[in-house]
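Survey of secondary and tertiary structure
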Amino acid sequence: MNSLVPNPDSSAMSARSARSSWLRRTLRLSQQEAVASATMTATGDNFFNAFAIHLQASAMQMGALTAVPQLFGAWMQLLSIWIGARLPRKQLVVAVAAFQSVVVAAIGWIATQNLSQPTVWLIVLATVYSTALNLIQPHWRAWMGSIVPARRRGAFFAVRTRLTMVSSLLIFIAGGGMLTLCAQRGSPGLGFALLFGFAALGRASSSTLLWKMHDPEPVSPDQSHRV
């Protein structure tokens, strides 16, 4: 008869084992995602202005390229709280990350086209890029905060930051070298197209890794707006 009674200790051990399994896998995927996403963020941080110069942007357009994305990005951080209360956190982060890869690919597409106002297109797409980034950042931080144990947060984020910094530096060096090589061969536009294309692939890979990660709170806790 005793064999038919569930063992509470066994059930607790099984739950702890399952949590340990998905936690290790998610933390490992998060470190890989840091490298993948760095291909996009390093490109956006370092090469948007260089691309604008290549497109012969005016001084006013250069200023707009710096100010407008930051302005809309700041507004989106406020709006992201409202959006996050109505959408599952993981799905929101993954979907916006995948959308960012399309936006970055579109920026690379500008370099291959003979558009009448290419800098205007760049400003618009850079604004969408920054807005999307600021939309998911608060939810990504909350996601990671709910996953990483308190005793491991310092070490985990230190390693993740180092991976991001090293990846960004390597991408900056490689991207500059590729642009120089293409410019020497008379095809600077091709260099920018390849650079942003590679960044788009990195962000697409990042969104795939985010999708594979575990979220302990897949459903938004705020359901008060639903009937």
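Preceding block: the structure.
One structure accompanies this document, and this report is about it. Note that residues are indexed from 1 along each chain, following the sequence as it is written. Given that the model is predicted, a residue must reach a pLDDT of at least 70 before its local features are reported, and side-chain atom pairs must reach 80 or more before they are shown or counted; all residues, however, enter totals for whole chains, interfaces and linings. The basis for the side-chain values is all heavy atoms of the structure; hydrogens and waters are excluded.

Helix and strand content of the chain: six helices and zero strands. Helical segments are the DSSP runs of H or I of at least four residues, strand segments are the runs of E of at least two, and each set is numbered from the N terminus. Overall, the chain shows an N-to-C arrangement of helices and strands of α-α-α-α-α-α. Here the chain holds 227 residues, and 41% of them are scored as buried. We call two residues in contact when some of their heavy atoms are within 4.5 Å. Partitioning the intrachain contacts of the chain with sequence separation of at least 6 by distance along the chain shows that 85% fall at a separation of at least 24. Each accessible area is a Shrake-Rupley estimate made with a 1.4 Å probe; only the visible protein chains count as cover when residues are assessed. Of the roughly 12700 Å² that the chain leaves accessible, carbon and sulfur atoms contribute 65%. Three labels apply to residues, based on accessible area from a 1.4 Å probe with only protein chains included: buried if under 20% of the type maximum, exposed if over 50%, partly exposed otherwise in between.

This part covers the pattern of salt bridges. Within this document, salt bridges are pairs made up of a side-chain nitrogen of Lys or Arg and a carboxyl oxygen of Asp or Glu, the two lying within 4 Å of each other. If you walk through the whole model with that rule in mind, you get three salt bridges. Note that Arg160 and Glu33 form a salt bridge whose closest N and O atoms lie 2.3 Å from each other. Of this pair, Arg160 sits in helix 5 (residues 153-184) while Glu33 is found in helix 1 (residues 8-54), placing the two residues 127 residues apart along the sequence. Each member of the pair, Arg160 as well as Glu33, carries the same accessibility label: buried. The salt bridge partner of Arg89 is Asp215, with a shortest N-O separation of 2.6 Å. Here Asp215 lies in the segment after helix 6 (188-212) and Arg89 lies in helix 3 (residues 89-110), a separation of 126 residues in the sequence. Considered together, Arg89 and Asp215 belong to a single accessibility category, that of buried residues.

Okay, the nonpolar core next. The set of buried Ala, Val, Leu, Ile, Met, Phe, Trp, Tyr and Cys residues whose side-chain atoms join them within 4.5 Å is what this entry labels a nonpolar core. Counting 26 residues, the largest nonpolar core has Phe48, Phe51, Leu65, Val104, Ile107, Leu122 and Phe196 as the members making the most contacts within it. Only helix 1, helix 3, helix 4 (118-147) and helix 6 provide two or more residues apiece to this core. Non-local contacts of Leu65, meaning those with residues more than four positions away in its chain, are made with Phe48, Asn49, Ala52, Leu122, Ile123 and Ala126. Among the nonpolar cores identified, the runner-up in size contains 23 residues, and Met76, Ile83, Ala97 and Ile147 belong to it.

To continue, consider the environment of Met76. Relative to the assigned elements, Met76 resides in helix 2 (residues 59-84). For Met76, a relative accessible area of 14% corresponds to the buried category. Taking the C-alpha atoms as reference, Met76 lies 5.6 Å from Leu135; in sequence the two are 59 residues apart. In contact with Met76, not counting residues within four places along its chain, are Ile83, Thr131, Asn134 and Leu135.

Taken together, Val35, Val159 and Leu163 make up a surface patch of nonpolar side chains, about 180 Å² in accessible area. One can find Leu163 in helix 5. Each patch is built from residues lacking any salt bridge and having more than 30% relative accessible area; the joining distance is 9 Å for like charges and 5 Å for nonpolar side chains (Val, Leu, Ile, Met, Phe, Trp, Tyr).

When you line up the elements, Ser130 lands in helix 4. The exposure class of Ser130 is buried, given its relative accessible area of 13%. Among residues more than four places away in sequence, those in contact with Ser130 are Pro69, Gln70 and Gly73.

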